[in-house]
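Single-letter residue listing:
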2 protein chains.
Amino acid sequence: MNNSVKRAHNFNAGPAALPLAVLKKAQAELLDFNDTGMSIMEHSHRGNAYEIVHNRAIELLKELLSIPEGYEVLFLQGGASLQFSMVPMNFLPANKKAGYVMTGVWSEKAYAEAEKLGEVFVAATAKEGNYCQIPALKEINYDADTAYLHVTSNNTIYGTEWHAFPNTEAVPLIADMSSDILSCPIDVSKFALIYAGAQKNIGPSGVTVVIIRRDFLEQAKKNGPTMLQYATFAKNNSLYNTPPTFGIYMMKLVLEWMKAEGGLLGIYKRNQEKAALIYDTIDASNGFYKGHAQLSARSLMNVTFRLADENLEKKFLEQAKQAGFVGLNGHRLVGGCRASIYNAVPYDSCQALRDYMLAFQKENS
Amino acid sequence: MNNSVKRAHNFNAGPAALPLAVLKKAQAELLDFNDTGMSIMEHSHRGNAYEIVHNRAIELLKELLSIPEGYEVLFLQGGASLQFSMVPMNFLPANKKAGYVMTGVWSEKAYAEAEKLGEVFVAATAKEGNYCQIPALKEINYDADTAYLHVTSNNTIYGTEWHAFPNTEAVPLIADMSSDILSCPIDVSKFALIYAGAQKNIGPSGVTVVIIRRDFLEQAKKNGPTMLQYATFAKNNSLYNTPPTFGIYMMKLVLEWMKAEGGLLGIYKRNQEKAALIYDTIDASNGFYKGHAQLSARSLMNVTFRLADENLEKKFLEQAKQAGFVGLNGHRLVGGCRASIYNAVPYDSCQALRDYMLAFQKENS
Ligand SMILES: Cc1ncc(COP(=O)(O)O)c(C=O)c1O
Ligand SMILES: Cc1ncc(COP(=O)(O)O)c(C=O)c1O
Ligand SMILES: [Mg+2]
Ligand SMILES: [Mg+2]
Ligand SMILES: [Mg+2]
Ligand SMILES: [Mg+2]
């Protein structure tokens, strides 16, 4: 570790902080990957050097997430936003309806895209109270012949997260896990399809990870554009056309780093400690800081909070910026403050934020 | 220049060689972009540091290609292959037909995707003779109410290239320029839409550049999925959702390098010199090397050639590999050899290949 590297306290919501060790490794081999005389970016996606990276990234995802047999891991492009359309293009037939659980803006966007392509319904909503909670599992309503049930596992903007998922039995469960994939253990076998933009917990932007159950994939519509069928990616090991090779290479480095950090359980434990630093500060502030999310729905990844009024928030954010904190402004739809503390955000940065919050409260109460 | 960097002679068809100076710059600032204490990959796509990069890349593309007023430059994902579908999704209405000029496998794939979505016809084809030529402009047949005419400006696999484009008048001309964009000057005003995967001449894989005439864009269908409408990207400066920020950053560095190398004219001149080294060797070989493309259709970017028989080709390719040449195998559909000599392939590498070809001929005739 070269301690002279200048590092900001990066709380960006995505693209977000990457592990310093990963950046250093990428830097060291940027000109010459594995003694090939070429950058990994200059390698053919059909060549051996890249293929090893590609397959290792898939393998590591399977290992870290304990993905059971019978699932495919795919690498796509277009961000999670393109998944909002690809899901119904592949899995919403004319004679069925798809159910959406509304837990924030990303659920709304997913719903709006599906609505363009077929019949949809709201299976439950947490809109009342500005999405500060997650609907109780028993309040989610859908028929047994629902095409699929769609949930957003972590609501990046509101700072809420599902801590248990419904057992949907024969109804395929689909989850947008863009902002909490790989942050804590999940039971992948509950899901027919999981998708996530890489740019929060897994790597740089430009790669979308899809985990799909093979028997579900077989039910997909087969007449759509080649590049918008999951089957195209499954059949060709995500190499039908040129994948975003550098992004996948970075993912592989991040996944290796995760493994070295104790795997998903090690990361989860540290994430809990990091989150506790900030949530405890909020809870002990006698209302100086007010969390947006209800306690039971708090996100491990995005901590959202407000101060007494907008002037005080402005001062808090301005001084934080001057002190070297990046990305603490809340999303314009919620206002206030948000600290995104993804896997790669160091414990130190969370400690520094806690200290800043304590000092700011002292000076301003 | 640190001359100790090991560099392969990289003739990959894409992803392909990048300028060494660009890789060095990316390496130098990989951990700390502009003294922000963050990698460019860790910056928010909504933040100032990234936005400057993004807008500068657009500006440089406009400048280098002399893009006239009235055009938008967009950054998409999904590769050129997704464009095969997006073009008809946006611009093939139910009451019109789209014309395709078939000059290779990529034209065929573009046609096949459009056929799924509407009515298409072959306006001309060079299939006879295994795509060794480009149809004469006067042989291209289409009505005045054709939805659009689609061409593939450079045929990566066959090594043929259009050296003049038709004046299609009111019929919108659309070109897949994936493998020759920015290699030579073009008159952008002839085109309604140009698209190109970045991974040959502009940067790493994972970014698709689209250049679109605004009045054409206004005719696009408006009911499609948000992420599959060009208008979404145009309205939001390609920031509707998270763009592949690192790829766009790399593109900006490549475009700055091009500018420093004399802009498009400087690059074009060097490309001609590079291509001449190899084509002249083929032509002076008394038939030892046989070019695939007809003289009038030769590509400046992909030089395709064969040797007397497959055994000799095998020997040529094996010894080339041992000598440090990368990517000289022809595409399986044409066989033989292919040297992709995109903008970033140094003159030195072409000289080395020429020398190798001369020596191999001497030893084997
Ligand atoms: C939960 C969630 N879903 C979807 C998206 C959209 O992702 P992308 O920008 O990759 O399309 C985001 C982006 O922040 C998100 O947080
Ligand atoms: C002319 C041309 N068009 C399209 C493609 C497909 O590009 P992508 O892999 O980005 O989808 C290629 C790839 O080599 C190409 O050369
Ligand atoms: Mg949501
Ligand atoms: Mg949200
Ligand atoms: Mg072609
Ligand atoms: Mg071709």
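What counts as what
Think of each chain on its own: its residues are numbered from 1, step by step along the sequence as written. Lettering of chains starts at A and numbering of ligands starts at 1, both following the order in which they are written. Reporting of local features is limited, given that this is a predicted model, to residues whose pLDDT is at least 70; pairs of side-chain atoms are given and counted only at 80 or more, and all residues count toward the totals for whole chains, interfaces and linings. The side-chain quantities take in all heavy atoms of the structure and omit both hydrogens and water. By definition, any uninterrupted DSSP run of H or I lasting at least four residues is a helix, any uninterrupted run of E lasting at least two residues is a strand, and each is numbered from the N terminus. Note on exposure labels: buried denotes an accessible area under 20% of the residue type's maximum, exposed denotes more than 50%, and partly exposed covers the range between, all computed with a 1.4 Å probe on protein chains only. Using a 1.4 Å probe, the Shrake-Rupley method yields the accessible areas, and only the shown protein chains count as cover for residues. As used throughout, the charge tally considers Lys and Arg to be positive and Asp and Glu to be negative, leaving His and the chain termini uncounted. Think of each charge as sitting on NZ of Lys, CZ of Arg, CG of Asp or CD of Glu. We call a residue near a given molecule or strand whenever any one of its heavy atoms falls within 4 Å of it. Two N or O atoms form a polar contact when they lie within 3.5 Å of each other; inside protein one atom must be a possible hydrogen donor and the other a possible acceptor, and for residues adjacent in sequence the pair counts only when both atoms belong to side chains. Any residue outside Ala, Val, Leu, Ile, Met, Phe, Trp, Tyr, Cys, Pro, Asp, Glu, Lys and Arg is labelled polar, Gly included; the first ten of those are nonpolar and the last four are charged. The criterion used for residue contact is that any of the two residues' heavy atoms lie within 4.5 Å. Every case where a carboxyl oxygen of Asp or Glu lies within 4 Å of a side-chain nitrogen of Lys or Arg is listed as a salt bridge. UniProt positions are given in the numbering used here, feature names are shortened, and annotations may be inferred rather than shown by experiment. What makes two strands pair is DSSP finding at least two bridges between them. The fit set for superposing copies consists of C-alpha atoms from residues with pLDDT of at least 70 in both; the fit itself is least squares. Interaxial angles span 0 to 180 degrees and are taken between N-to-C directions of axes, which are lines fitted to C-alpha atoms, for helices over the stretch in contact. Cysteine sulfur atoms that pair up within 2.5 Å are treated as a disulfide. Multiply 1.5 Å by the residue count of a helix minus one, and that product is the helix's expected span.

(A) Quick look at the overall build of chain A. Scanning chain A from terminus to terminus reveals ten helices and 14 strands. Overall, chain A is about 65 × 55 × 30 Å in size when its C-alpha atoms are taken along their principal axes. In chain A, buried positions account for 63% of the 365 residues. Carbon and sulfur atoms provide 49% of the accessible area of chain A, an area that totals close to 13800 Å². Measuring between centres, the 35 positive side-chain charges of chain A sit 3 Å from its 36 negative side-chain charges.

(B) Structural detail: the site of ligand 1. Inspection of the region around ligand 1 gives 15 residues, with Ser81, Thr156, Asp176 and Lys200 of chain A together with Thr242 of chain B positioned closest. Ligand 1 sits at a junction of chains, with neighbouring residues supplied by chains A and B. Trp106 of chain A is positioned such that a nitrogen or oxygen atom in its side chain is 3.4 Å from an oxygen atom of ligand 1. Contacts to ligand 1 include Thr242 of chain B, whose side-chain N or O atom sits 2.5 Å from an oxygen atom. Protein coverage of the free-state accessible area of ligand 1, which is 390 Å², stands at 96%. With four residues, helix α3 (residues 79–91) of chain A is the largest single contributor of residues to the shell around ligand 1. Here the residues of the shell around ligand 1 sort into three nonpolar, ten polar and two charged.

(C) Geometry of the interface of chain B and chain A. Taken together, the 61 residues of chain B in the interface contact 61 residues of chain A. At the junction of chain B and chain A, the tally comes to four salt bridges. The closest approach of N and O atoms between Asp35 of chain A and Lys6 of chain B, which form a salt bridge, is 3.3 Å. Taken together, the elements giving at least two residues each to the side of chain B that touches chain A come down to α1 (20–28), α3 (79–91), α4 (105–117) and α7 (245–260) of chain B. Residues of the side of chain B that touches chain A, tallied by class, amount to 27 nonpolar, 25 polar and nine charged.

(D) Quick look at the UniProt feature "binding site: L-glutamate" (unreviewed entry) in chain A. UniProt records the feature "binding site: L-glutamate" (unreviewed entry) for Arg46 of chain A in the present numbering. Looking at where Arg46 of chain A falls in the secondary structure, it is placed in the loop between α1 (20–28) and α2 (48–64).

(E) Focus on the site of ligand 2. Near ligand 2, the surroundings consist of 15 residues, among which Thr242 of chain A together with Ser81, Thr156, Asp176 and Lys200 of chain B are the closest. A distance of 2.7 Å is found between an oxygen atom of ligand 2 and a side-chain nitrogen or oxygen belonging to Asn241 of chain A. Looking at which element gives the most residues to the shell around ligand 2, the answer is α3 of chain B, with four residues. Among the residues making up the shell around ligand 2, the classes are represented as three nonpolar, ten polar and two charged.

(F) Geometry of the sheet that holds strand β11 (residues 290–291) of chain A. All names here are of chain A. With antiparallel pairing, the three strands of this open sheet are ordered in space as β11-β12-β14. A strand with exactly one partner marks an edge of an open sheet, and here the two such strands are β11 and β14 (337–340). Across two bridges, the pairing between β11 and strand β12 (residues 302–306) is antiparallel. Within β12, the position partnered with Lys290 by the bridge is Arg306.

(G) Region of interest: the relation of the copies chain B and chain A. Placing chain B over chain A gives an RMSD of 0.0 Å and needs a rotation angle of 180°, together with 0.0 Å of translation along the axis. A rotation of that kind, with that shift, is consistent with a two-fold axis. A share of 100% of interface residues in chain B that are also interface residues in chain A marks the association as one of identical surfaces.

(H) Main features of the sheet that holds strand β11 (residues 290–291) of chain B. Residue and element names in this part refer to chain B. Here three strands make up an open sheet; going across it, the order is β11-β12-β14 and the pairing antiparallel. Either end of the sheet is taken by a strand with one partner, and the two such strands are β11 and β14 (337–340). For strand β12 (residues 302–306) and β14, the ladder comprises four bridges, and the chain directions are antiparallel. Of the residues in β14, the one forming a bridge with Thr304 is Arg338. Packed onto the sheet, helix α8 (residues 263–283) meets β11, β12 and β14 and runs at close to 20° relative to β12.

(I) Representation of the state of the cysteines. Residue and element names in this part refer to chain A. Overall, the coordinates contain zero disulfides over all chains when judged by the stated rule. Cysteine Cys337 shares no disulfide, and the gap to the nearest cysteine sulfur, in Cys350, comes to 15 Å. We classify Cys337 as buried; its relative accessible area is 1%.

(J) Structural detail: α3 of chain B. Between its terminal C-alpha atoms α3 of chain B stretches 18 Å, which fits the 18 Å expected from 13 residues at 1.5 Å a residue. In terms of burial, α3 of chain B is a largely internal element, 13 of the 13 residues being buried.

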